[in-house]
Structures are given as structure tokens and as C-alpha cells.
Amino acid sequence: MKALVLSGGAGTRLRPITHTSAKQLVPVANKPVLFYGLEAIAEAGVTDVGVIVGDTEEEIREAVGDGSQFGIRVTYLRQDAPLGLAHAVLVAQEFLGDDDFVMYLGDNFIVGGISDLVDGFRTERPAAQILLTKVPNPTSFGVAELDTLGRVVGLEEKPKEPKSDLALVGVYLFTAAIHEAVRSIEPSWRGELEITHAIQWLIDQKRDVRSTTISGYWKDTGNVTDMLEVNRSVLETIEPCVEGTVDECTEIIGRVRIEEGARVTGSRIVGPAIIGAGTVVSDSYIGPSTSVSEGCRIEDSEIEYSIVLRGASITGVRRVEASLIGRHVEVTPAPRNPSAHRLVLGDHSKVQISS
């Protein structure tokens, strides 16, 4: 069995961060979200992995390398334009051959991994297996319709009037039957080859398409709100440790990790939180659900429920929260403009001015 990991796409919902960085490499608890997916694939015993890349190929290659850090072998597959998930399968056809495979969207996050799902698919081998979860806003997702026996009877991509609240999670399992399906469909109104259309083709051809509804934690980290929520969830599982230096005037409360080379002085850090390697925190408050990456500087400031990327500095600012701060960003107070009142007053006037 192989894996196909999608790491292309423009990441428009995370702009301006993704103007200069791949969305799959934005860190969650100081580790790129893509890495969690690669680790889950490796834990499921899948070691031959194709990674679909686009305009951010160089950055993805630099971060992932040959895959050995995850215990996998990576083959990079170029998709020149984001023309849909089914198009990515077309691009990868030579790499995939006739093997079964798991397709994993690189910006998705699933707590608990995919090992049980992969094991079940290896045993039963339906033509396709999809993951579903209940969502409050199904119009933003691919949506599945099930019959009374729980079988998949229909799929729609971002429907205006969804027939259920079951959204497709960004993990799919396929046999080689999917290759005929993706060759048999036409681009959607968005100009993309939709994987939902390919799976619907399999259903129409009476092929065995199954679903698993998950109740665990899943997020598509394509926007800032979900990214911060995933960061919060992961931070709640970290093991507290102090590998850097913390002075006696600093208060550490709760689940906090201070990484090697970090220096914290005269500050208060309330977990869950992580302070990256080489970061300096002085005279500041770091609140819950905050991850500060490596090489940052936080001075005389307060920050909470936020993600701070590599090399950023926040100085003299109160208060920052629910924020995503990009690499090498500088955040400082705005200069105070002198206030003044301009008056033309007649003789014997009386004026009251609040200071």
C-alpha cells in the first residue's frame, strides 16, 4: 500500500502568511501541520509516499527531505496548477500503479491517526473508503448522503442545499479502481476535477464505496480560526519540560515546554504553552494556548491563544490574542501623537477641556 499526500494549493484562506510560506508548513505546537500527517501515515505502516507539490515545492522539499526523518520514502510529484484532488490522482498514476493507497490532504489534522482505518481497508478492500464527520456548516465541504443502512449513495461538493451534515474528512482510501473514475469525469464549474465526482462515478458503477463516521477531533487547518484551535488542542497534550533557562523571577504555571536554548526572565507563563529553541522572553506574560517558535523575542508584552512563527519579535505590546504572527515579523507599539486643541476664542470666553 502507498500514500499520496497533497501539499500543493495556494492557501488563500491563510493569506498573507501563505504569500511567503506553504500552508502545510505553518506550525502547530511548533511542528508543521504536514508533519503530523506524515507521522500518521508512517504509524499506519505505509512507507512509500508520493507528495504532490506545486508552487511551494522548494520549501516542501527542504522541510520533508527524503522522508527518512519520518521513516518513509518520499517521491515528489509536480502538479503545475491546483486543478482538483482527482487531478492529483491523475498526476500520481504512474507512481501509484495498481497499488491500493491512502490519500491524505496535507493541511488536515486528525487526532488518533489512521492506523485502524488503514488496517480495515487492507482486509476488506472496497473500491473506496471515505471518512465523514458531522459539521455545522456543510455548505463549505464535500457532503455525503447515506441510505438507511448507512451506505454511501451520493456525494456533492460544497452544495448550496446539503442533503446531510456529514462532511468528507481529508483522508481517502482507494484501490486502483479510482484511476478509471478520475479519467471518466469532467471538470466542475470551478474548473477542477473533483474527487467527489470520481467517487460518485464509482457509486454509479455499483462499485463498493464505504464510509466511516469519525467522532474524534478533525480540523481542516486552512484558516486562522481552525489553525489556532488545532494549536490549542495539541498543546493540551504536550509533556511539560524545561530545557532552556528560567530565572527565579519567572512563574511557570501548568503544562509548559521551554525548549533548548530559550531564555525566560521576569515573566509569567501559563500553559498549555511552548517556547521555542533560542527564543528570549523577558518581562512578559505568555498565556494559555500559545506557541512561540524558535528564535523569537518577546519583551514587555502580553500574548495569549496565538501562534508566533520563527524569528518574530513582539516588544512593548499589550495585548495580543487570537493572532497568527508570521516569520520575522516585528510588532511594536504605535507612536503616541501629541494631542492638542486648536481654539479661536472671543474675549471673556469660558471653556472646559477634558484632559
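Per chain, the residues get numbers from 1 upward, laid out in the order the sequence is written. Only residues with pLDDT of at least 70 get local features here, since the model is predicted, and only at 80 or more are side-chain atom pairs given and counted; chain-wide, interface and lining totals rely on the full set of residues. As a rule here, side-chain values cover all heavy atoms of the structure and leave hydrogens and water aside.

Trainee: Account for helix H6 (residues 177–184), with residues named and values stated.
Mentor: Helical geometry note: an α-helix holds 3.6 residues per turn, so side chains three or four residues apart project in the same direction. Along H6, the residues that are buried comprise Ala-177, Ile-178, His-179, Ala-181 and Val-182. Buried residues belonging to H6 abut helix H3 (85–91), helix H4 (93–96), strand E6 (101–105), strand E11 (166–174) and helix H7 (195–204). Any residue under 20% of the maximum accessible area for its type is buried, any over 50% is exposed, and the rest in between are partly exposed; the area is computed with a 1.4 Å probe on protein chains only. For the purposes of this entry, the term helix denotes a DSSP run of H or I that reaches at least four residues, the term strand denotes a run of E that reaches at least two, and both are numbered from the N terminus. Throughout, a contact is declared for two residues whenever any of their heavy atoms are within 4.5 Å.

Trainee: Any details on the environment of Leu-149? Residues and values, ideally.
Mentor: Here Leu-149 lies in the loop between strand E9 (142–146) and strand E10 (152–157). In this structure the C-alpha to C-alpha distance between Leu-149 and Glu-248, which are 99 residues apart in sequence, comes to 63 Å.

Trainee: I'd like a rundown of the pairing of strand E4 (residues 48–53), residues and numbers included.
Mentor: Of all the 6 residues making up E4, 6 are buried; the element is thus mostly covered by neighbouring parts of the structure. Across the two faces of E4 the burial is the same, with Asp-48, Gly-50 and Ile-52 and Val-49, Val-51 and Val-53 all buried. Alignment of E4 against strand E5 (residues 73–78), held across 6 bridges, turns out to be parallel. By the bridge assignment for E5, Ile-52 is matched with Leu-77. As for the winding sense of the linkage, the β-α-β connection from E4 through helix H2 (residues 57–64) to E5 is right-handed. Here, strands pair whenever DSSP counts at least two bridges between them. Handedness of a crossover: with both strands directed away from the viewer, a clockwise path from the first strand across the helix to the second marks it as right-handed.

Trainee: Requested: an account of the packing of aromatic side chains, with residues and values cited.
Mentor: The pairing test for Phe, Tyr and Trp rings, Trp by its six-membered ring, is centres within 6.5 Å, and the orientation test on the planes gives stacked under 30 degrees, edge-to-face over 60, and tilted for anything in between. Enumeration over the complete set of coordinates arrives at 3 aromatic pairs. A centroid spacing of 4.9 Å and a plane angle of 75 degrees characterise the contact between Phe-35 and Phe-70, whose relative ring orientation is edge-to-face. Linking Phe-35 in helix H1 (residues 33–43) with Phe-70 in the loop between H2 and E5, this pair joins segments that are 35 residues apart in sequence. Exposure remark for Phe-35: the relative accessible area of 11% places this residue in the buried category. With a relative accessible area of 11%, Phe-70 lands in the buried category. To sit over a ring, a charge needs its Lys NZ or Arg CZ within 6 Å of the ring centre and within 35 degrees of the ring normal. A cation over a ring is seen here: Lys-2 above Phe-95, with NZ or CZ 4.9 Å from the ring centre. Cation over ring: Lys-31 sits above Tyr-36, and NZ or CZ is 4.3 Å from the ring centre.

Trainee: Can you lay out the sheet that holds strand E18 (residues 263–265) for me, pointing to particular residues and giving the numbers?
Mentor: Within the open sheet, the 6 strands sit side by side as E15-E18-E21-E24-E27-E30. Their pairing is parallel. A single partner strand is all that each edge strand has here, and the edge strands are strand E15 (245–246) and strand E30 (330–331). Bridge analysis of strand E24 (residues 297–299) against strand E27 (residues 313–315) gives 3 bridges, and the strand direction is parallel. Across the sheet, residue Arg-297 finds its bridge partner in E27, namely Ser-313.

Trainee: Help me get a handle on unusual backbone geometry, residues and values and all.
Mentor: With an omega dihedral of 5 degrees, the bond running from Gly-271 to Pro-272 counts as a cis peptide bond. Within the fold, Pro-272 resides in the loop between strand E19 (268–270) and strand E20 (273–275). In this structure, the amide linkage connecting Arg-318 to the following residue, Arg-319, adopts the cis form with an omega of 5 degrees. Checked against the element boundaries, Arg-319 lands in the loop between E27 and strand E28 (320–321). Its identity as a non-glycine residue notwithstanding, Arg-125 has a phi of 50 degrees, on the positive side.

Trainee: Account for the packing of H1 against H2, with residues named and values stated.
Mentor: Think of two packed helices as two axes; the pair is described by the angle between the axes and how far apart they sit. For helices, the fitted axis covers only the stretch in contact; all axes are lines through C-alpha atoms, and the angles between them, taken along N-to-C directions, range from 0 to 180 degrees. Between H1 and H2, the shortest axis-to-axis distance is 11 Å and the interhelical angle comes to 55 degrees. With respect to their mutual orientation, H1 and H2 come out oblique. In terms of crossing hand, the pair formed by H1 and H2 is right-handed. Residues Leu-34, Phe-35 and Leu-38 of H1 pack against Ile-60, Ala-63 and Val-64 of H2. Our angle categories are set so that under 35 degrees counts as roughly parallel, over 145 as roughly antiparallel, 65 to 115 as roughly perpendicular, and the remainder as oblique. Should the near helix be turned anticlockwise from the far one by less than a right angle, the crossing is left-handed, and should it be turned clockwise, the crossing is right-handed.

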